[in-house]
Every structure is written in C-alpha cells, then in structure tokens.
Amino acid sequence: MTAYDYDLFVIGGGSGGVRAGRVAASLGKKVGIAEEYRFGGTCVIRGCVPKKLFVYASQYHEHFEDAAGFGWTVGTSTFDWKALIAAKDKEIARLEGLYRRGLENNGAEIIDSRAEMVDAHTVRLTKTGKTVTADKIVIATGGVANPHAALPGHELCITSNEAFHLEELPKSILIAGGGYIAVEFANIFHGLGVDTTLIYRGKEILSRFDHDMRQGLHKAMVEKGIKIILTDVIEHVAKAPAGGLTAKTKCGETITVDTIMLALGRDPNTHGLGLDAAGVAMDERGAIIVDEYSRTNVENIYALGDVTDRVQLTPVAIHEAMCFIQTVYKDNPTSPDYDLIPTAVFSQPEIGTVGLAEEEAAKRHAELEVYRAEFRPMRATLSGRSERMIMKLIVDAESRKVVGAHILGHEAGEMAQIIGICLKAGATKDDFDRTMALHPSAAEELVTMYSPSYRVKNGERV
Ligand code: NDP
C-alpha cells in the first residue's frame with residue numbers, strides 16, 4: 001500500500017502525458033491525470049491533426065485545376081470555411097473521446113482541471129482547490145505559442161491557436177516566421193484562396209533544413225503566388241483605419257492585411273506550475289531540465305515532451321513516455337533515442353527528411369557523396385503544373401552509409417517515414433542501389449541515382 005493517493009500523477013493530457021498515464025495504469029498503477037483544456041494536447045486539439053486536415057482542404061483547389069488535364073470538367077467550386085471548421089471540430093472531438101476512453105479503459109482517473117505543484121509529492125487541482133499526493137509525478141504540459149510580447153501590437157495578432165477557430169477566413173494574411181508552422185500555414189491559407197505573405201528574418205525559410213529543400217520550396221511557393229519577404233521582421237502592428245491591420249517592418253515596408261499570424265516558435269508551458277515550490281529546475285527559457293531518463297533534479301519528478309524543449313515533435317514525446325515506463329516501471333533504464341528522426345513539413349509541395357542536411361553532414365564527415373535528382377513528376381505532365389520534385393541522398397564516402405535523405409514533392413512525408421527505417425538499419429548507398437525500382441513511381445528515383453552529382457571534401461564542394 002502506497003502512502004500516497006496515486007502511484008503516478010500526470011500533469012498534462014497531451015501525447016506524452018496520456019501515453020505515460022495510460023500505460024502505467026495498464027500495468028496496474030494507480031494513475032491520476034489532470035488536463036486544464038482538452039485531452040489530446042497540442043497535437044490533436046490545435047496542432048498536427050487539425051493542421052493536416054486543413055492541408056487536405058487547401059489542396060482541393062489545385063486538384064480541381066489539375067483535373068482538366070486528365071479530361072475532367074469540374075463545375076464551379078466554392079469553399080465554405082465554416083463547414084471545414086465544423087467538420088474538423090467533429091473529428092477532433094472524436095479523437096479526444098478516444099484519448100479519454102483509452103485512459104478510462106485502463107483504469108486511469110481523468111481529472112478535468114489545471115494542476116499545480118505544491119511540493120515534490122503534492123499537486124493542487126485548481127478547479128476545486130483540493131490537493132492530492134503521488135509517489136511519482138510526470139510533468140507533460142507541452143508548449144505555448146511564443147506571443148512575441150516585445151512586438152508593439154502583438155495582441156492584435158493571432159497564433160496557430162486562433163487560426164483553427166477563425167470566425168471568417170481572412171482575405172489576406174501576413175505570417176511571421178520561417179519555421180514549420182509559418183510555412184505550413186502560408187500554404188494552407190494560400191490554398192484556401194487567401195492572399196498570403198510570409199515574412200522571415202533569415203536569408204532563407206526553414207533554417208534547419210537542407211538548402212535544396214529550402215530553396216526548392218521557396219521557389220514553388222512563390223510560383224504559386226505566395227509572397228515571401230526575407231531578412232526582415234515586423235516591428236510594429238496597429239489597426240488600419242479602413243479595417244484590418246497594418247504591419248511596419250524593419251526594412252521600411254508597410255503591409256496592410258486582414259490578419260497577422262505570429263509563428264515564432266513555441267515556449268515550454270511552465271508558467272505558474274509551481275515548479276519552484278517543488279524544487280524543479282528550469283533553464284533560462286523555462287524548460288524543465290531533465291537527465292537522459294527524463295528525470296528532473298527532484299528524484300520522483302519526471303518531465304517529458306515539449307515542456308523539456310528537447311525535440312518538439314509528437315512522436316518524440318510518445319517515445320519519451322515509453323522510455324519513462326521502461327525505466328520506472330519495468331526496471332529497464334531506457335533513454336530516448338533522438339538519432340535519425342524522420343520529419344515532414346506539410347507544405348505544398350511537402351518536405352520529407354531524415355538524417356543530416358548536407359551542411360551538417362559536411363561538418364561531421366570528411367568526404368560526402370551527394371546524389372541529387374530534380375525532375376517533373378509524372379502527375380504534373382498532363383496537369384501542366386510546373387512543379388518539380390527534388391530528391392537528395394547524402395552519403396558518407398568512407399562508410400558508404402546514407403546519412404541524410406531529403407525529398408521535396410508529393411507524399412515526401414510518407415516516403416521519409418519508410419526511408420527512416422532504412423537509415424535506422426544502417427543502409428548504405430549500395431543497399432539503395434541493390435534495391436529494385438518500383439515503376440512508375442516518384443520514389444524510384446531514390447534507388448536509381450547511380451553516380452554522385454558532386455562530392456563534398458572537408459566542407460568544400462568538389
Ligand atoms: P520553429 O522553431 O520551426 O520556427 C520558428 C521560426 O520563428 C523560425 O523561423 C525562427 O527563426 C523564427 N523566430 C523565432 N523568434 C523570432 C523573433 N523574435 N523574430 C523573428 N523571427 C523569429 O517553430 P514553429 O513555431 O514553426 O513550430 C514550433 C515547433 O512545433 C517546431 O519546432 C516543430 O518541432 C513543431 N512542429 C512540427 C510540425 C511538423 O512536424 N510538421 C508542424 C508544426 C510544428 P530562425 O530560424 O532564424 O531561428
């Protein structure tokens with residue numbers, strides 16, 4: 001009999017928290033899990049899932065146009081934003097229900113309340129003021145959109161949170177940022193017919209990606225009609241006299257649009273959580289500091305997912321939760337493996353990637369072989385669309401291992417997931433060469449790039 005109310009108390013009902021709570025409960029632990037908003041967390045409620053539904057919605061406009069090249073006559077098409085929001089909300093409610101049922105069916109106690117730490121073993125449920133105690137505590141409160149409070153007029157802007165619930169689809173939007181969210185939403189809004197401008201402080205969008213992906217996507221977005229402003233930032237936002245908002249930029253541009261969206265990264269959600277009271281250490285960004293087993297400096301308190309600001313991705317939070325279970329409840333200390341995480345940017349065209357960008361690989365390996373193919377995909381032949389696909393394999397010349405794979409084009413994310421398995425298994429370029437092509441497909445290019453496009457020796461392209 002434990003001296004505490006719970007064996008495990010989880011704060012935060014997102015991907016990481018729910019997984020930790022559900023699996024611990026299935027092992028017979030007494031689990032309580034508190035969530036202040038909705039179960040499912042950022043990913044399900046206002047992130048990956050609704051975003052992907054919006055991506056699908058935004059692609060129809062091109063599908064209708066492309067259909068003509070294949071002999072179809074499509075009637076007048078119109079788009080109903082409210083219908084999309086309603087359908088999306090219904091699906092999200094269904095998924096939230098699944099998350100809740102998964103917890104309930106395994107015997108975890110669901111608590112719909114904000115929870116704050118009182119001390120290392122005690123949590124206050126703010127809805128009722130009741131305190132509960134637990135042997136172990138997992139903090140999985142995720143992240144919050146960076147509000148960019150230093151920007152005058154930031155309170156007039158939206159973040160991705162509001163983008164999922166806008167009353168009306170704006171006619172024009174200015175999106176600040178050059179990361180995943182800015183780029184994905186620029187493509188979504190453009191696809192839905194919104195006059196879209198993206199403004200980013202760097203020299204090229206998607207700073208952490210391979211340069212061919214960044215440039216290829218930039219070009220494709222501009223060709224579609226998305227305006228991209230580089231090396232500039234919004235310095236001031238105010239209401240425009242005729243309605244909408246006006247942004248003034250550092251380089252002197254004045255941009256008037258219906259809506260301005262800030263997509264400037266996400267901060268760890270630790271504000272007011274009582275971590276000081278519990279003695280839990282955080283870094284300067286407010287992220288909870290953890291060791292290789294997701295344990296904080298307080299022996300019985302663990303933290304996982306975005307609140308630790310390691311890799312802000314849903315599957316990573318879930319993986320960290322499973323490692324926590326192995327370590328704490330299965331007597332099998334397991335630290336998360338962050339090597340070779342496949343990832344996608346659901347832009348249009350998509351980017352799918354796993355492993356090192358060329359620039360990063362060049363720093364780690366003395367000699368690289370770079371295989372690069374750029375081509376017009378078959379689906380674009382009859383549609384007449386000018387889109388190009390880019391595929392790139394980065395090979396360590398010494399070991400012959402493929403250390404990076406990068407794809408720009410339709411279904412790039414789906415391909416990156418599969419290539420992720422190959423890279424994880426240590427596939428060499430020779431393994432790719434030995435693999436029969438699947439014809440006709442776009443992916444066959446990955447196994448038919450026989451000679452290197454160029455080499456990189458000691459960081460220099462030769
Ligand atoms: P990102 O970290 O991807 O991008 C943030 C962007 O904001 C960067 O371009 C950054 O510039 C810029 N930025 C940051 N601070 C400022 C500032 N003060 N002024 C001007 N620009 C600034 O964050 P997102 O918000 O796009 O997404 C958050 C996280 O969510 C991502 O890290 C990602 O892991 C995850 N995510 C994953 C998705 C997926 O897997 N498909 C989709 C959406 C989100 P710079 O690059 O120069 O630093």
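These remarks concern the structure in this document. Keep in mind the model is a prediction, meaning the values are calculated, not measured.

## Observations regarding the site of the ligand
Part 1 of the reasoning: Close contacts around the ligand come from 20 residues, with I181, Y200, S207, Q312 and A344 the closest.
Part 2 of the reasoning: Within the contact set of the ligand, an oxygen atom lies 2.9 Å away from a backbone nitrogen or oxygen of G178.
Part 3 of the reasoning: The backbone of Y180 places a nitrogen or oxygen atom 3.3 Å from an oxygen atom of the ligand.
Part 4 of the reasoning: When isolated, the ligand has an accessible area of 900 Å², and the protein chains bury 78% of it.

## So, the environment of R208
Part 1 of the reasoning: Locating R208 in the fold gives a position in the loop between β9 (195–199) and α7 (211–224).
Part 2 of the reasoning: Overall, the relative accessible area of 70% leaves R208 in the exposed class.
Part 3 of the reasoning: The spacing of R208 and V132 is 76 residues in sequence and 43 Å in space, taken between C-alpha atoms.

## Comments concerning the sheet that holds strand β10 (residues 227–229)
Part 1 of the reasoning: What the four strands build is an open sheet, ordered β10-β9-β8-β14; its pairing is parallel. With partners counted over all chains shown, the strands left at the sheet margins are β10 and β14 (259–262), one partner each. Along the sheet, successive strands turn relative to each other by an average axial angle of 20 degrees, direction set aside.
Part 2 of the reasoning: Of the pairings in the sheet, the one linking β9 to β10 comprises three bridges and is parallel in character. Looking across to β10, one finds that T197 is bridged to K227.

## So, the side chain of T141
Part 1 of the reasoning: Along the polypeptide, T141 turns up in the loop between β6 (131–139) and β7 (143–145).
Part 2 of the reasoning: Here the side chain of T141 touches N269 through a polar contact of 2.8 Å, landing on its backbone oxygen.
Part 3 of the reasoning: Those residues in contact with T141 that lie beyond four places of it in its chain are I11, N269, L273 and V307.

## Remarks on the packing of helix α1 (residues 15–26) against helix α9 (residues 314–329)
Part 1 of the reasoning: Where α1 contacts α9, the two axes come as close as 8 Å, and the packing angle between them is 30 degrees. Looking at the two axes, α1 sits roughly parallel to α9. In this structure, α1 meets α9 at a crossing whose hand is right-handed. Mapping the contact onto sequence places S15, G16, R19, A20, V23 and A24 in α1 and T314, A317, I318, A321, M322, F324, I325 and Y329 in α9.

## Quick look at unusual backbone geometry
Part 1 of the reasoning: Across the junction of Q348 and P349, the peptide omega takes the value 5 degrees, indicating a cis bond.
Part 2 of the reasoning: Relative to the helices and strands, P349 is located in the loop between β17 (343–345) and β18 (351–355).
Part 3 of the reasoning: P440 follows H439 through a cis peptide bond whose omega is -10 degrees.
Part 4 of the reasoning: Relative to the helices and strands, P440 is located in the loop between α13 (429–434) and β22 (454–457).
Part 5 of the reasoning: Non-glycine residue D331 carries a positive phi angle of around 55 degrees.
Part 6 of the reasoning: Position of D331 relative to the elements: it lies in the loop between α9 and β17.
Part 7 of the reasoning: Despite not being glycine, N458 has its phi angle at roughly 45 degrees, a positive value.
Part 8 of the reasoning: Inspection of the secondary structure puts N458 in the loop between β22 and β23 (460–461).

About the thresholds
- Residues numbered from 1 in each chain as written.
- Predicted model: local features only at pLDDT ≥ 70, side-chain atom pairs only at ≥ 80, totals over all residues.
- Heavy atoms only, no water.
- Near = heavy atom within 4 Å.
- Polar contact = N/O pair within 3.5 Å; in protein donor to acceptor, adjacent residues only side chain to side chain.
- Areas by Shrake-Rupley, 256 points an atom, 1.4 Å probe, with all protein chains shown as cover.
- Helix = DSSP H or I, 4+ residues; strand = E, 2+ residues; numbered from the N terminus.
- Buried < 20%, exposed > 50% of the residue type's maximum accessible area, 1.4 Å probe, protein only.
- Pairing = 2+ DSSP bridges.
- Axes fitted to C-alpha atoms, helices over the stretch in contact; angles between N-to-C directions.
- Contact = heavy atoms within 4.5 Å.
- Parallel < 35°, antiparallel > 145°, perpendicular 65-115°, else oblique.
- Left-handed = near helix turned anticlockwise from the far one by under 90°.

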